[in-house]
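A structural walkthrough
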Amino acid sequence: MESLEHFQDLRRRFRHFECEVFSVRMEPTLLHLPRVARFCRERGVVWDYQEIMGTFAFGNRPFSPKWWQENPLSVKDLEKLDHTLAELAALGFPAARLAQTRDYCRHPDRRRPCAVGYSNLVIDYQGESKFCFLLGAFGTWRDPLLATWRRSPRARAERRRTLACPLPCSLLQCNIYQSTLPRAATRLRRLLSCREPGPTG
Ligand code: SF4
């Protein structure tokens, strides 16, 4: 709560500063998500959720393709899931996003196309630019980022690797592909619905 208040204070002082809360959607948090969404909305904070994923991007453990069967935190109670999604729908959460979540929980092993080559730019702790932490770098933060991301031969080669990648990341936030216009519209809608009330309320 102190961190949130600190970031809210920064938002009041710097209008371009954004503060977003991401909840991890998993079995123990499932029924609480709508409450967190309402809590954030009342404070003018953008809220979204992220699916729990297998530990494959960091750490030394090998990735298990059936990780959700072994992981006690992954959502298995589909009735509870539907209840939560209905509540989020009533709060105005985009239907397409909720449908993706429903589909993912029912068929977690379905192969879905990876979109990070078209939607992502990661700059890692060494200043290298990548589409995904698991793939190679195509430049550094010193390069003209957008031009390098779009057109450099290394970026094109890495983009081809994302399309052929066998890992089933599927539903990481960065992996949901939306073309620019719906993306901008969603962002604008979220920001407008979360504007903080002024001093007169
Ligand atoms: S599927 Fe995509 S996001 Fe996942 S590891 Fe492969 S390239 Fe990265």
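Residues numbered from 1 in each chain as written. Predicted model: local features only at pLDDT ≥ 70, side-chain atom pairs only at ≥ 80, totals over all residues. Heavy atoms only, no water.

**Brief notes about the overall build of the chain**
What the chain contains, in helices and strands, is nine helices and five strands. Shown N-terminal to C-terminal, the secondary structure of the chain runs as helices and strands in the order α-β-α-β-α-α-α-α-β-β-β-α-α-α. Taking all 201 residues of the chain together, 36% fall into the buried category. Intrachain contacts of the chain at a sequence separation of at least 6 include 65% that bridge at least 24 residues. Surface accessibility of the chain: about 12700 Å² in total, with carbon and sulfur atoms responsible for 58%. (Helix = DSSP H or I, 4+ residues; strand = E, 2+ residues; numbered from the N terminus. Buried < 20%, exposed > 50% of the residue type's maximum accessible area, 1.4 Å probe, protein only. Contact = heavy atoms within 4.5 Å. Areas by Shrake-Rupley, 256 points an atom, 1.4 Å probe, with all protein chains shown as cover.)

**Let's talk about the packing of aromatic side chains**
Per the stated rule, a full pass over the model turns up six aromatic pairs. Ring geometry for Phe131 against Phe138: centres 4.7 Å apart, planes inclined by 40°, an arrangement best described as tilted. Each member of the pair, Phe131 as well as Phe138, is classed as buried. An aromatic cluster of three or more residues is present, and its members are Trp47, Tyr49 and Phe93. Note that Arg159 overlies the ring of Trp149, its terminal NZ or CZ placed 5.0 Å from the centroid. (Phe/Tyr/Trp six-rings, centres within 6.5 Å; stacked < 30°, edge-to-face > 60°. Lys NZ or Arg CZ within 6 Å of the ring centre and 35° of its normal.)

**A word on a positive patch on the surface**
A surface patch of like charges, here positive, comprises Arg150, Arg151, Arg156 and Arg160. Among the secondary structure elements, those contributing two or more residues to the positive patch are α7 (145–151) and α8 (153–164). (Patch = residues over 30% accessible without salt bridge, like charges linked within 9 Å, V, L, I, M, F, W, Y side chains within 5 Å. Salt bridge = Lys/Arg side-chain N within 4 Å of Asp/Glu carboxyl O. Lys, Arg positive; Asp, Glu negative; His and termini not counted. Charge placed at Lys NZ, Arg CZ, Asp CG, Glu CD.)

**Description of the pairing of strand β2 (residues 46–51)**
Within β2, six of the six residues are buried, leaving the element largely enclosed by the surrounding structure. Covered by surrounding structure in β2 are Val46, Asp48 and Gln50 together with Trp47, Tyr49 and Glu51, the residues of both alternating faces. Read from strand β1 (residues 20–25) through helix α2 (residues 33–42) to β2, the crossover connection turns out right-handed. (Right-handed = clockwise from strand over helix to strand, strands pointing away.)

**Observations regarding the state of the cysteines**
Going through the model one piece at a time under the given rule, you end up with zero disulfides. There is no disulfide at Cys40, and the cysteine sulfur nearest it, in Cys19, is 8.1 Å away. Overall, the relative accessible area of 2% leaves Cys40 in the buried class. (Disulfide = S-S within 2.5 Å.)

**Let's talk about α2**
Within α2, burial applies to Leu33, Pro34, Ala37 and Cys40. Buried residues along α2 cover an arc of 125° about the axis, so they all sit on one side. Along α2, the residues that are exposed and aim more than 90 degrees away from the buried face are Arg35 and Glu42. For α2, the secondary structure elements touched by its buried residues are β1, β2 and α4 (78–90). Gly44, located one to two residues past α2, shows a positive phi value of around 70°. (Arc of directions from axis to C-beta.)

**Notes on the confidence of the model for the chain**
Across the chain, the average pLDDT comes to 83, with 81% of residues at 70 or higher. Across the chain, the element-wise mean pLDDT spans from 63 in helix α9 (residues 180–193) up to 96 in α4. Low pLDDT, under 50, characterises residues 196–201; the stretch is placed with five contacts to residues that sit more than four places away or in other chains. (pLDDT = per-residue confidence, 0-100.)

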